[in-house]
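So the chains spell out like this:
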Amino acid sequence: MGLERGYVHVYTGNGKGKTSAALGLGLRAAGAGLRVCMVQFIKGARSSEVGSLAYIPNFVFVPYEKFVADYSKGNAEAAGKCLEYSREIVGSGSYDVVILDEINVAVGFGLVSLEEVLNLIKNKPKNLELVLTGRYAAKELVDLADIVTEMREVKHVFKKGVQARRGIDY
Ligand code: ATP
Ligand code: MG
């Protein structure tokens, strides 16, 4: 069982909910028996969903930290390896849904090249659903994707000085 045809999603914008939406999509897919992998770009982004995902056998979580061999070499090397790994799993046929969380931010910071991300999308297997999240999605990415949602910040308690809360924000 798998998908007959896979599409490309983008969750971007400044409002809250991009990673949460991607996790929700992955949760639904896993419940339907689809094999899901979320690769999280950007150091330190890992949050409490790791605890929940441990209970879901066909939802694999791969944090950025897995690719940090040497912290003195900086972020670009690990981000590059993260992308290389993403390319491997996208091509492997081992997953039906691949989520590249915060990859737009990695592109925005110049840690991975937009060109390589676009090529990854263009070369993905036809039956793979691919989800890319993060602020600052490039126009070329938006043009190439099939389903694009922009989270727009209407209000957020951070503006009132409320600190990030574990289990809600991370
Ligand atoms: P979430 O992980 O809650 O779905 P997100 O993926 O949309 O949020 P990111 O851009 O990845 O948001 O931001 C990382 C952190 O900032 C998270 O803790 C998130 O809850 C919080 N955040 C998201 N949107 C806002 C906002 N508009 N103002 C302040 N903080 C925000
Ligand atoms: Mg996020």
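These figures come from a predicted structure and were not determined experimentally.

Taken together, T19 (OG1) and E102 (OE) make up the protein donors of the magnesium ion (ligand 2), found 2.1 Å from the metal. Taken together, the residues T19 in helix α1 (residues 18-31) and E102 in the loop between β4 (97-101) and α4 (103-108) connect sequence positions 83 residues apart. Taken individually, T19 and E102 each receive the classification buried, so the pair is uniform in this respect.

A word on the layout of surface pockets. Sizing a probe to match a water molecule and rolling it over the atoms shows the empty space that remains. When its volume is computed, the largest pocket comes out at roughly 920 Å³. Along the walls of the largest pocket sit 35 residues, with K16, T19, S20, D169 and Y170 positioned nearest its centre. Considering every element that reaches the lining of the largest pocket, the biggest residue donor is α1, with 6 residues. Class assignment for the residues of the lining of the largest pocket results in 12 nonpolar, 13 polar and 10 charged. For the second largest pocket, the calculated volume is near 150 Å³. Of all the elements, α1 adds the most residues to the lining of the second largest pocket, at 3 residues. Class assignment for the residues of the lining of the second largest pocket results in 6 nonpolar, no polar and 2 charged.

What follows concerns unusual backbone geometry. For E102, which is not a glycine, the phi torsion comes out positive at approximately 65°. The class for E102 is buried, based on a relative accessible area of 18%. One non-glycine residue, Y136, lies in positive phi territory at about 65°.

On the surface, V157, F158 and V162 cluster together into a nonpolar patch covering about 210 Å² of accessible area. Note on V162: relative accessible area 34%, which makes it partly exposed.

One finds V39, F41, L100, L130 and L132 to be the most contacted residues of the largest nonpolar core, which totals 36 residues. Elements that contribute at least two residues to this core include exactly β1 (8-12), β2 (36-40), α3 (75-92), β4, α4, α5 (114-122) and β5 (129-133). Residues within four places of L130 in sequence aside, it is in contact with Y7, V8, H9, V90, V98, L100, L120, I121 and K124. Ranked by size, the runner-up nonpolar core spans 17 residues in total, among them L23, A30, L53 and I99.

About the cut-offs
- Residues numbered from 1 in each chain as written.
- Chains lettered and ligands numbered in written order.
- Predicted model: local features only at pLDDT ≥ 70, side-chain atom pairs only at ≥ 80, totals over all residues.
- Heavy atoms only, no water.
- Donors = N, O, S within 2.8 Å, 3.2 Å for Na, K, Ca; no water.
- Helix = DSSP H or I, 4+ residues; strand = E, 2+ residues; numbered from the N terminus.
- Buried < 20%, exposed > 50% of the residue type's maximum accessible area, 1.4 Å probe, protein only.
- 1 Å grid on protein atoms, 1.4 Å probe; cavity = no way out; pocket = protein on both sides within 12 Å on 5 of 7 lines; lining within 4 Å.
- Points joined across faces, edges and corners; volume = space filled by probe spheres on them.
- Nonpolar A, V, L, I, M, F, W, Y, C, P; charged D, E, K, R; others polar.
- Patch = residues over 30% accessible without salt bridge, like charges linked within 9 Å, V, L, I, M, F, W, Y side chains within 5 Å.
- Areas by Shrake-Rupley, 256 points an atom, 1.4 Å probe, with all protein chains shown as cover.
- Salt bridge = Lys/Arg side-chain N within 4 Å of Asp/Glu carboxyl O.
- Core = buried A, V, L, I, M, F, W, Y, C linked by side-chain atoms within 4.5 Å.
- Contact = heavy atoms within 4.5 Å.

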